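Chain and residue survey
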Amino acid sequence: MPKKESFLVNRLKSVGYALKGAILLITKESSIKIQLGVAVLVTIAGFYFEISKTEWLIQILTIALIIGLEGVNTAIEEVANFVHPEYHKKIGYIKDVAAGAVFIAAICAAIMGCIIYIPKF
Ligand SMILES: Nc1ncnc2c1ncn2[C@@H]1O[C@H](COP(=O)(O)OP(=O)(O)OP(=O)(O)O)[C@@H](O)[C@H]1O
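Quantities reported herein were computed from a predicted structural model and do not represent experimental measurements.

**Side note on the overall build of the protein chain**
- Helix and strand counts for the protein chain stand at four helices and zero strands.
- The linear arrangement of helices and strands in the protein chain, starting from the amino end, is α-α-α-α.
- Whereas a compact globule of 121 residues would reach a radius of gyration of roughly 14 Å, the protein chain reaches 18 Å, over 25% beyond that.
- Over its C-alpha atoms, taken along the principal directions, the protein chain stretches across nearly 55 × 50 × 20 Å.

Structural data, given as structure tokens:
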């Protein structure tokens, strides 16, 4: 049974590290702060316009996708800066592709917002 205990302790430690990472992202990264601000605004809008259960699910999923991707993008940027702080064409490509993924998700999120909220006006 001690093996199971150590597994549980390890999992709890991992959750602790992940929580620490989430706090770091929220407190240090300006892009995440902006995304969180938008998430709060659309959540208020969701309550104000009384969006449906399906619309809530899509909105929550979209917020998770954008903030999750922004976090991964930040991690990729940090790794790139750490392994190769000097200018390199490949590092530029890696950073641009990672930022492009966030951009595509953000465009889709904006379209999703229009589909949900424009009919409410
Ligand atoms: N070491 C590098 N070599 C080549 N191009 C780079 C390098 N660092 C940055 N770039 C180019 O500059 C762009 C911006 O890089 P940067 O790391 O400043 O990203 P950012 O999104 O502005 O960062 P932050 O989220 O910290 O504001 C990259 O997408 C890439 O095109």
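**Description of the UniProt feature "binding site: ATP" (unreviewed entry) in the protein chain**
- Residues annotated in UniProt with the feature "binding site: ATP" (unreviewed entry) correspond here to Y17, E29, E77, E86, Y87, H88, K95 and D96. Spanning 80 residues, the annotated positions stay apart in the fold, the maximum distance between their C-alpha atoms being 31.4 Å.
- Along the polypeptide, Y87 turns up in the loop between α3 (53–83) and α4 (89–117).
- Take H88: its relative accessible area is 39%, and that puts it in the partly exposed class.

**Digging into the packing of aromatic side chains**
- Summed over all chains, the structure comprises four aromatic pairs.
- Considering the side-chain rings of Y48 and F49, the 5.0 Å spacing of their centres and the 90° angle between planes classify their relative orientation as edge-to-face.
- F49 gets classed as partly exposed once you look at its relative accessible area, which sits at 25%.
- Every member of this aromatic cluster is reached through a ring pair, and the members are Y48, F49, Y117 and F121.

**Section: the packing of helix α2 (residues 30–48) against α3**
- Put simply, α2 and α3 touch, their axes get as near as 10 Å, and they point 175° apart. By the angle class used here, α2 and α3 are roughly antiparallel. For the pair α2 and α3, the contacting residues are S31, I32, Q35, L36, A39, V42, T43, G46 and F47 in the first and W56, Q59, I63, I66, I67, E70 and G71 in the second.
- Broken down by class, the residue content of the contact of α2 with α3 amounts to nine nonpolar, six polar and one charged.

**Regarding the layout of surface pockets**
- Within this model, the largest pocket holds a volume of roughly 260 Å³.
- Residue lining of the largest pocket: 15 residues in total, with V38, V42, T62, I66 and A109 positioned closest to the centre.
- Among the elements of the structure, α2, α3 and α4 are those that each provide at least two residues to the lining of the largest pocket.
- Residue contributions to the lining of the largest pocket peak at six residues, all from α4.
- Of the residues contributing to the lining of the largest pocket, the split by class is 11 nonpolar, four polar and no charged.

**Points about the site of the ligand**
- Neighbouring the ligand are E77, E86, Y87, H88, I91, G92, K95 and D96.
- Here an oxygen atom of the ligand sits 2.8 Å away from a polar atom, N or O, in the side chain of K95.
- When the ligand is considered free in solution it has 620 Å² of accessible area, and contact with the protein chains removes 52% of it.
- With four residues, α4 is the largest single contributor of residues to the shell around the ligand.
- In terms of residue class, the shell around the ligand is made up of two nonpolar, two polar and four charged.

About the thresholds
- Residues numbered from 1 in each chain as written.
- Predicted model: local features only at pLDDT ≥ 70, side-chain atom pairs only at ≥ 80, totals over all residues.
- Heavy atoms only, no water.
- Helix = DSSP H or I, 4+ residues; strand = E, 2+ residues; numbered from the N terminus.
- Rg over C-alpha atoms; globule rule 2.2 N^0.38 Å.
- UniProt positions renumbered as here; feature names shortened; annotations may be inferred.
- Buried < 20%, exposed > 50% of the residue type's maximum accessible area, 1.4 Å probe, protein only.
- Phe/Tyr/Trp six-rings, centres within 6.5 Å; stacked < 30°, edge-to-face > 60°.
- Axes fitted to C-alpha atoms, helices over the stretch in contact; angles between N-to-C directions.
- Parallel < 35°, antiparallel > 145°, perpendicular 65-115°, else oblique.
- Contact = heavy atoms within 4.5 Å.
- Nonpolar A, V, L, I, M, F, W, Y, C, P; charged D, E, K, R; others polar.
- 1 Å grid on protein atoms, 1.4 Å probe; cavity = no way out; pocket = protein on both sides within 12 Å on 5 of 7 lines; lining within 4 Å.
- Points joined across faces, edges and corners; volume = space filled by probe spheres on them.
- Near = heavy atom within 4 Å.
- Polar contact = N/O pair within 3.5 Å; in protein donor to acceptor, adjacent residues only side chain to side chain.
- Areas by Shrake-Rupley, 256 points an atom, 1.4 Å probe, with all protein chains shown as cover.

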